[in-house]
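Residues per chain are reported as follows:
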2 protein chains.
Amino acid sequence: MLNQRRVVIDYVSPVLNHGEFPIKRVVNEVVNVDAHIFGDGHDLIGASVLFKHENARKWNEVRMKPGFNDEWHVSFYVEKQGYYEYKVEGWIDHALTWQHGIKRKIEDRQRVTSELLEGVKFIEAIYKRLSADDRAYLDHLKKIFNDENSYDNAISEAVSDRLYHLFYIFPDKKLVNSTKNYKIYVDRLKARFSTWYEFFPRSASEKEGVHGTFKDCEKLLPRVAEMGFDTLYFPPVHPIGEVNRKGKNNSTNAAPGDVGSPWGIGSRLGGHKDIHPELGSLKDFKLLIKKANKMGVEIAMDFALQVAPDHPWVKEHPEWFKWRPDGTVQYAENPPKKYQDILPIHFESEGYEDLWQESLDILLYWIDQGINIFRVDNPHTKPFYFWNWIIRKIKKDHPDVLFLAEAFTNPKVMQQLAKQGFTQSYTYFTWRESKHELIEYVEELTKTEQREYMRPNFWPNTPDINPYHLQGANESKYIQRYALAATLSSNVGIYGPVFEYMISAPLPNREEYLNSEKFQIAHYDWNLKNNLISVITKINQIRKEEEALQQTNHIKFCQIENDNLIAFYKWNDDKSSEILVVVSLDAYNTQSGTMQLPLSDLKETEPGRPVQVYDFMTGNSYNWYEEWNYIELQPGLPLHIFKINK
Amino acid sequence: MLNQRRVVIDYVSPVLNHGEFPIKRVVNEVVNVDAHIFGDGHDLIGASVLFKHENARKWNEVRMKPGFNDEWHVSFYVEKQGYYEYKVEGWIDHALTWQHGIKRKIEDRQRVTSELLEGVKFIEAIYKRLSADDRAYLDHLKKIFNDENSYDNAISEAVSDRLYHLFYIFPDKKLVNSTKNYKIYVDRLKARFSTWYEFFPRSASEKEGVHGTFKDCEKLLPRVAEMGFDTLYFPPVHPIGEVNRKGKNNSTNAAPGDVGSPWGIGSRLGGHKDIHPELGSLKDFKLLIKKANKMGVEIAMDFALQVAPDHPWVKEHPEWFKWRPDGTVQYAENPPKKYQDILPIHFESEGYEDLWQESLDILLYWIDQGINIFRVDNPHTKPFYFWNWIIRKIKKDHPDVLFLAEAFTNPKVMQQLAKQGFTQSYTYFTWRESKHELIEYVEELTKTEQREYMRPNFWPNTPDINPYHLQGANESKYIQRYALAATLSSNVGIYGPVFEYMISAPLPNREEYLNSEKFQIAHYDWNLKNNLISVITKINQIRKEEEALQQTNHIKFCQIENDNLIAFYKWNDDKSSEILVVVSLDAYNTQSGTMQLPLSDLKETEPGRPVQVYDFMTGNSYNWYEEWNYIELQPGLPLHIFKINK
């Protein structure tokens, strides 16, 4: 097959793995498309991006504009959830090439009678697609282009802007080259902007020593909502295994009355589709979901594909597990470590098709009960293509459903889970503490290809991670960590109330909580108020007001001459929201330095006119007349969140 | 379809456009393959690159090795011309995972009776593929793994190196994941290492005012061979158009006797398959080719797809040209410039299939006459996909044939021609003069993806380019330009004898030669000798001896504290040839500075032992005891070419 096309389109971005994976966006987010586009010879070319929602019949077309060095660009907005397709088209624009040539010849005082005659065919080519008014204009042109007596008039019209625009708007595309169709997956806004709170429902009781219930959780909903959280994530709420149950502080021998780990799922009382009776009934759970939703809080459920030794599957589906030569089931291990209370699923099982289907059924079951967000436990220990399949299956009929990948493992594995379909991802933020570490990590997330598919969710702590820098830390440090997480990343979460109550006693020399709720019930005074809670509440409120903080990728770190101060500028797609954040990394001393305003990036700056900033945290406003401005932060309130040009 | 595989392979390199284009190599060149490879969970994985020549039935397999951060690597050599395919495979290695686990458990003093029994199945899985000796060993293992009385012996054998190697060498691959097949095109060495000389055959006569002939050219062959050139390129040797023929210095009115531009191809005497009668006969041309080949010189022919107004095609194939409303054929123009002696081919013609076929026939015709190298004139004014088709067609049956793209245009256009199949490419070297410009440009060619498909050919001058820096330049400058071209790039060429005779009179304020041979015959004393010729000859000789200079990509610029001195280290694949080049960029003054040896890159360096270097240019040897060494170059001989560790 001979390919007669003359325009080449290369290095289209953003594209992941040649289109194998969709890039990700949320509703009303911009897509910036770049491509190298050029033809042979000196003819002018035209190029467009065509895009459409999977359910739409017609393509939308936006014309690309050439920049430096054959690099073309255009941006468009995606408006609906689901899959979009887009492709790039390029063609030789013979009409504009003709106009460009005749213009140069006229400037060179050449006689262009023959060229005018050539122009007629370009006019005829687009004639039918025009309005009556434009047709009349072209009729006129055809007449004068053919008439030597109208030569002066003809050459002036031949190079007119009006003709240029008609040729530009109605290109007579021939031998169009086109890329393959690339995919975009568009989520609801929450995929990009979410504020998570995690607590153990069994610790929800007001009475010490009593197992918390969903009813108790209901009472805590106002507290969660008032702090400004919109997503409430619970560890697994299913029956907890009784065989090999773990005791307090992960001991292998559970004492009578020990409640075990909620991740040891399944017992004689049921499995992944059942509710742990001590928490209440399915009805209670559904009511909690409903009440939470009314307050603007969604309940996120844990999806942990593993079982306790007494999970019903072990008997019903022995083929889903690995059996040892001694006739026992293989429990989880990472030699020499053993996890006898947990049996991993054997994904290489010959019965894997039933297993995948049953996993899908579990998700569909809980979606039916009202759940739309899943925090997936250890997804990196299950096959990547399994996740690709199950997430695509779910999203096809339930595009609102979001998946957070709880994978703290090798970077490429975490990235791959995001590529394969996870909506959001846990990150290394938990361990990134210094200015250098934070900048380097955020640049990696927001300035590389990862920005197109990996939506970070920054957690200062989790039930599994009591980071060394928070152990025994003061209030200032806690404020810093929440402020950094919640302003660097638009998805953020904390495990409470240990975070806001600054409970951080560890197992010795480990990043584990002492008396972890993973293995026992805790008792809290849920009515306690403190300054940290106020600051968290304030920050969450600012996040709700400012779109700049509802996205992660538009970020630019600012020069500030102090390694204990970190400063960055964030903005939304149209720069109607511009924010400047400064955080001190010193929990004990006042820190000061001069910070450079990113003047060339700001939406509105005029020489001589001050940049007006308003600090949400203090309510103070400033007029900055210089590019470099003095900043001072004290441990008591170690951050500014400035609105620019307010 | 459910994909049960567990290993992911991502970011394979080198791969161009997801495998749409082959990467390029020459015979016996190395291919370094990198990929991100990882599985879910903690199991050990295995990975291989499989490669084969297109005509081979069996794949060769080389095992990849893991490096940092899930990045795997292996290299292999391609040994035959033509297409190779390669792909990357990954799988979970259950046997090695088992051995790794049992080792950790034994170290942890766990009893592993059951694990030993599990090991038996891994032994059984590979048993059939082993030698009798290895089978006997595995029989023994099976026995002791099943025998509690041999426990101590069993656990020592379970973790043995011998068992490890058997498992490693005979992996029991299951659920193997594999990439698509990527392509490599392997050329003969000349694609990467060639030394070109260009002259106008019509200027070959010893007698002034007489049109040179192929017979005259025969007499010049020893001169070309002795200077060390292996490729002799002639401008077109076809009949020259008589209609609208150009006169001297590109004047539009040819005087009687003016010979015209050889690129104005075709007249009543014939077209692209004919020989200009004044040069001689086809028989003469074939004899010249034969005699040249005997001296190790290949004749490269010009392939210029354009015609003079009196080329036979204009009458035979009017559909291949663009006709204007006034009934004339469209001549070449780039408004306001006009090229009335040249008619471009109209590739959008409906008769394009015949046109493509005829173009192919022209190449095949000259290949039949003994031509194996084509220098393609202005390929960027013909469609990219045409070149892709015609080059693939030719190479399928004639893999020895090489194509040099004469495109001096936008960077991405030049790159695309190389991607689409051109063997070598003209470059911007001609205009890169300062140290910064040279380093930046060579880094772009050798450290980006271009290294995989674009083989630069560095020309200090061409009949079209008499660069400003050579106009009136002294001998030192000419030496510098040839030295840079011939050591930075393994493909190099000059247009002579104007280059080595330092003839550089220009048209005023233009990079054009005055009295250019493009439009008239020149007369030279072909027996003239000078120092520049000696230096060129010496450099060409070193290039033939040192493989480091027969490739372009292995280059590292060295720190040298003087902007007038440029220094770089080059090496071949196995570092059996290591070269250090230093060139002064000052044609008038002595320049000195200290240069840093790239110690960590050198094949053999021991602390305390000097680096021995031998300067090919002077015959002097030095022992360098320090990392930084003093260099001084004078205009008379402004370069060192050091052999390292001689």
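One numbering rule holds for all chains: residues counted from 1, following each sequence as written. Written order determines the labels here, with chains lettered from A and ligands numbered from 1. In view of the model being predicted, local features appear only for residues whose pLDDT reaches at least 70, and side-chain atom pairs are presented and counted only at 80 or more, with totals across whole chains, interfaces and linings using the full set of residues. Excluded from the side-chain calculation are hydrogens and water; included are all heavy atoms of the structure.

J.: Which residues make up the interface of chain A and chain B, and what values do they have?
T.: Contacts between the two partners involve 64 residues from chain A, matched on the other side by 63 residues from chain B. What gets called buried area is simply the loss in accessible area from a 1.4 Å probe that two parts show on being joined, summed for both. Buried surface at the junction of chain A and chain B, summed over both partners, amounts to about 5,700 Å²; 53% is from carbon and sulfur atoms. Counting the surface chain A buries against chain B, the share from its top three residues, A:Leu2, A:Glu348 and A:Lys412, is 13%. Think of a salt bridge as a Lys or Arg side-chain nitrogen and an Asp or Glu carboxyl oxygen that are within 4 Å of each other. Between B:Arg6 and A:Glu348 there is a salt bridge, with the nearest N and O atoms lying 2.5 Å from each other. Counting of polar contacts relies on pairs of N or O atoms within 3.5 Å, with two restrictions inside protein: one atom must be capable of donating a hydrogen and the other of accepting it, and residues adjacent in sequence are counted only when both atoms are side-chain atoms. Linking chain A with chain B are 36 residue pairs in polar contact (both at pLDDT 80 or more). For helices the rule is a DSSP run of H or I covering at least 4 residues; for strands it is a run of E covering at least 2, with both sets numbered from the N terminus onward. Contributing elements (two or more residues each) for the side of chain A that touches chain B: strand S1 (7-13), strand S3 (29-39), helix H1 (94-107), helix H2 (113-126), strand S15 (332-334), helix H9 (352-368), helix H10 (384-397) and helix H11 (411-420) of chain A. Classification convention: Asp, Glu, Lys, Arg as charged; Ala, Val, Leu, Ile, Met, Phe, Trp, Tyr, Cys, Pro as nonpolar; all other residues, Gly among them, as polar. A per-class count over the side of chain A that touches chain B returns 21 nonpolar, 22 polar and 21 charged. Any two residues whose heavy atoms approach within 4.5 Å at even a single point are treated as in contact.

J.: An account of H10(A) is requested, with residue identities and associated values reported.
T.: Residue and element names in this part refer to chain A. Compared with an ideal rise of 1.5 Å per residue, which puts 14 residues at 20 Å, H10 spans 21 Å between its outermost C-alpha atoms and is within 8% of the ideal. Throughout, exposure labels follow a simple rule: accessible area from a 1.4 Å probe, protein chains only, divided by the maximum for the residue type, with under 20% read as buried, over 50% as exposed, and the rest as partly exposed. Among the 14 residues that make up H10, 10 are buried, leaving the element largely enclosed by the rest of the structure. Within the sequence span of H10, burial applies to Phe 384, Tyr 385, Phe 386, Trp 387, Asn 388, Trp 389, Ile 390, Ile 391, Ile 394 and Lys 395. Multiply 1.5 Å by the residue count of a helix minus one, and that product is the helix's expected span.

J.: An account of the side chain of A:His311 is needed here, citing residue identities and associated values.
T.: Residue and element names in this part refer to chain A. Inspection of the secondary structure puts His 311 in the loop between strand S14 (306-307) and helix H8 (312-316). Owing to a relative accessible area of 3%, His 311 belongs among the buried residues under this scheme. Here the side chain of His 311 touches His 272 through a polar contact of 2.9 Å, side chain to side chain. His 311 has contacts with Ile 265, Gly 266, Ser 267, Gly 271 and His 272, leaving out every residue within four places of it along the chain.

J.: So what's going on with the domain arrangement of chain A? Residues and values would help.
T.: Where interface size is quoted, it is often the accessible area lost as the parts come together. Assigned domains of chain A: these are domain 1 (7-93 + 174-186), domain 2 (112-169) and domain 3 (555-645). Here domain 1 of chain A and domain 3 of chain A have C-alpha centroids that lie 36 Å from each other. Note that domain bounds follow an automatic or database assignment of domains.

J.: Requested: an account of the packing of aromatic side chains, with residues and values cited.
T.: A pair of Phe, Tyr and Trp rings is counted when the ring centres sit within 6.5 Å of each other, with Trp represented by its six-membered ring. The angle between the planes then sorts it: under 30 degrees is stacked, over 60 is edge-to-face, the rest tilted. For the structure on display, the rule yields 98 aromatic pairs over all chains. Between A:Trp196 and A:Trp459 the ring centres are 6.1 Å apart and the planes differ by 65 degrees, which places this aromatic pair in the edge-to-face class. One end of the pair, A:Trp196, is in strand S11 (residues 194-198); the other, A:Trp459, is in the loop between strand S21 (456-458) and helix H13 (475-488), and 263 residues separate them in sequence. By relative accessible area, A:Trp459 is classed as buried at 1%. On the basis of an interplanar angle of 80 degrees and a centroid distance of 5.4 Å, the ring pair of B:Tyr614 and B:Phe616 is categorised as edge-to-face. One aromatic cluster is present, built from ring pairs that chain together A:Tyr197, A:Phe199, A:Phe229, A:Phe234, A:Tyr478, A:Tyr482, A:Phe499, A:Tyr501, A:Tyr524 and A:Trp526. Across the ring face of A:Tyr168, the terminal group of A:Arg63 is positioned such that the distance to the ring centre comes to 3.8 Å. Geometrically, a charge over a ring is one whose NZ (Lys) or CZ (Arg) sits within 6 Å of the ring centre while staying within 35 degrees of the ring normal.

J.: Lay out the side chain of A:Ser425 with the relevant residues and their values.
T.: Within the fold, A:Ser425 resides in strand S20 (residues 424-426). The residues touching A:Ser425, leaving out its near neighbours within four places in the chain, are A:Leu404, A:Ala405, A:Ala418, A:Met454, A:Arg455, A:Pro456 and A:Asn457.

J.: Requested: an account of the pairing of strand S22 (residues 491-495) of chain B, with residues and values cited.
T.: All names here are of chain B. For S22, a buried count of five out of five residues is recorded, marking the element as mostly surrounded by other parts of the structure. The alternating pattern of S22 places Asn 491, Gly 493 and Tyr 495 and Val 492 and Ile 494 on opposite faces, both of which are buried. Two strands pair under a simple rule: DSSP has to find at least two bridges between them. For strand S11 (residues 194-198) and S22, the ladder comprises five bridges, and the chain directions are parallel. Bridging from a neighbouring strand, Ser 194 pairs with Asn 491 of S22. Handedness of the strand S21 (residues 456-458)-helix H13 (residues 475-488)-S22 crossover: right-handed. The path from the first strand over the helix to the second decides the hand: if it runs clockwise while the strands point away from the viewer, the crossover is right-handed.

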